[in-house]
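Next come the chains, spelled out residue by residue.
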Amino acid sequence: MRKQTRPQNWRVLKVILLSLLTDFKKYTKVLFYAKWQRQWNTETDNKLHSVKPHVQPWPSLLNRKADTLLTRLRVGHTRYTHRHLLFGEQTPMCSECNCSMSVKHILSECPNFNSQRLKFFKTNSVDLSLLLGKTPHVNLFAFAPHLNRYDSVECD
């Protein structure tokens, strides 16, 4: 009789331990995310921070090429805006605005692209977080080829 109760007690103990472990994992995950968020909140000059103010994971796009392009746009690093660092060239400048080219400038500020922004986003004043946020704007990838810099922005 003693042998029969022992395995049953062990199963109960195992269920309790697994439950405690699961609770502990959830608790530590919450703690780590909170710590990560506090650190991320101090990174206000980071290009990605303006698009993604919270550290919670975002879903990936099913198309890898589109996902890579979206990631490059989110972090503000494209071939066109950053190739000068690799080749020792001067920073590309906007001929219209006389400022350095950046993803933010191209997508939301430069008057050269106002007509394309109006066509694809129905406004010429666009917030990057609305274009590149958790759910990217539905016309973002249709807009990109009309920039005449798409080859420099996209990935191989």
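- Identification of the protein as Reverse transcriptase zinc-binding domain-containing protein from Araneus ventricosus is taken from an unreviewed UniProt entry.

**Observations concerning the packing of aromatic side chains**
Moving on, step 1. One pass over the full model with this rule turns up three aromatic pairs.
Moving on, step 2. Judged by centre distance (4.8 Å) and plane angle (50°), the ring pair of F121 and F143 falls under tilted. Taken together, the positions of F121 in helix α6 (residues 114–121) and F143 in helix α8 (residues 140–143) put the pair 22 residues apart, joining distant regions of the chain.
Moving on, step 3. Judged by its relative accessible area of 8%, F121 falls in the buried class.

**Focus on the nonpolar core**
Moving on, step 1. Formed by 15 residues in total, the largest nonpolar core has its most connected members in L73, L107, F121, L128, L131 and L132.
Moving on, step 2. Among the elements of the structure, α3 (64–75), α5 (103–109), α6, α7 (128–132) and α8 are those that each provide at least two residues to this core.
Moving on, step 3. Look past the residues within four positions of F121 in its chain and what remains in contact with it is Q116, V126, L131, H137, N139, L140 and F143.

**Here's the deal with the pattern of salt bridges**
Moving on, step 1. Going through the model one piece at a time under the given rule, you end up with two salt bridges.
Moving on, step 2. The partner of K104 in a salt bridge is E109, and the shortest N-O contact between them spans 3.9 Å.
Moving on, step 3. Classification of K104 as partly exposed rests on a relative accessible area of 46%.
Moving on, step 4. Under the relative-accessibility criterion, E109 is labelled partly exposed at 43%.

**A few points about the confidence of the model for the protein**
Moving on, step 1. Model confidence for the protein is summarised by a mean pLDDT of 85, while 89% of its residues fall at 70 or above.
Moving on, step 2. Per-element confidence in the protein ranges from a low mean pLDDT of 45 for helix α9 (residues 150–153) to a high of 91 for α3.

**Section: the layout of surface pockets**
Moving on, step 1. Roughly 210 Å³ of volume is contained in the largest pocket.
Moving on, step 2. Together, 14 residues line the largest pocket, and K47, S50, V51, K104 and L128 are the ones closest to its centre.
Moving on, step 3. Elements represented by at least two residues in the lining of the largest pocket include exactly α2 (47–51), α3, α5 and α7.
Moving on, step 4. Classifying every residue of the lining of the largest pocket gives five nonpolar, four polar and five charged.

**Brief notes about α3**
Moving on, step 1. The end-to-end C-alpha distance of α3, which contains twelve residues, comes to 16 Å, matching closely the 16 Å that a straight helix rising 1.5 Å per residue would cover.
Moving on, step 2. Buried residues of α3: A66, D67, T68, L69, L70, L73 and R74, and no others.
Moving on, step 3. A side-chain oxygen of the first residue of α3 lies 2.9 Å from the backbone nitrogen of K65; this N-cap is N63.
Moving on, step 4. Phi turns positive, to about 80°, at G76, one or two residues after α3.

Reading the values: rules and limits
Residues numbered from 1 in each chain as written. Predicted model: local features only at pLDDT ≥ 70, side-chain atom pairs only at ≥ 80, totals over all residues. Heavy atoms only, no water. Phe/Tyr/Trp six-rings, centres within 6.5 Å; stacked < 30°, edge-to-face > 60°. Helix = DSSP H or I, 4+ residues; strand = E, 2+ residues; numbered from the N terminus. Buried < 20%, exposed > 50% of the residue type's maximum accessible area, 1.4 Å probe, protein only. Core = buried A, V, L, I, M, F, W, Y, C linked by side-chain atoms within 4.5 Å. Contact = heavy atoms within 4.5 Å. Salt bridge = Lys/Arg side-chain N within 4 Å of Asp/Glu carboxyl O. pLDDT = per-residue confidence, 0-100. 1 Å grid on protein atoms, 1.4 Å probe; cavity = no way out; pocket = protein on both sides within 12 Å on 5 of 7 lines; lining within 4 Å. Points joined across faces, edges and corners; volume = space filled by probe spheres on them. Nonpolar A, V, L, I, M, F, W, Y, C, P; charged D, E, K, R; others polar. Expected span 1.5 Å × (residues − 1). Polar contact = N/O pair within 3.5 Å; in protein donor to acceptor, adjacent residues only side chain to side chain.

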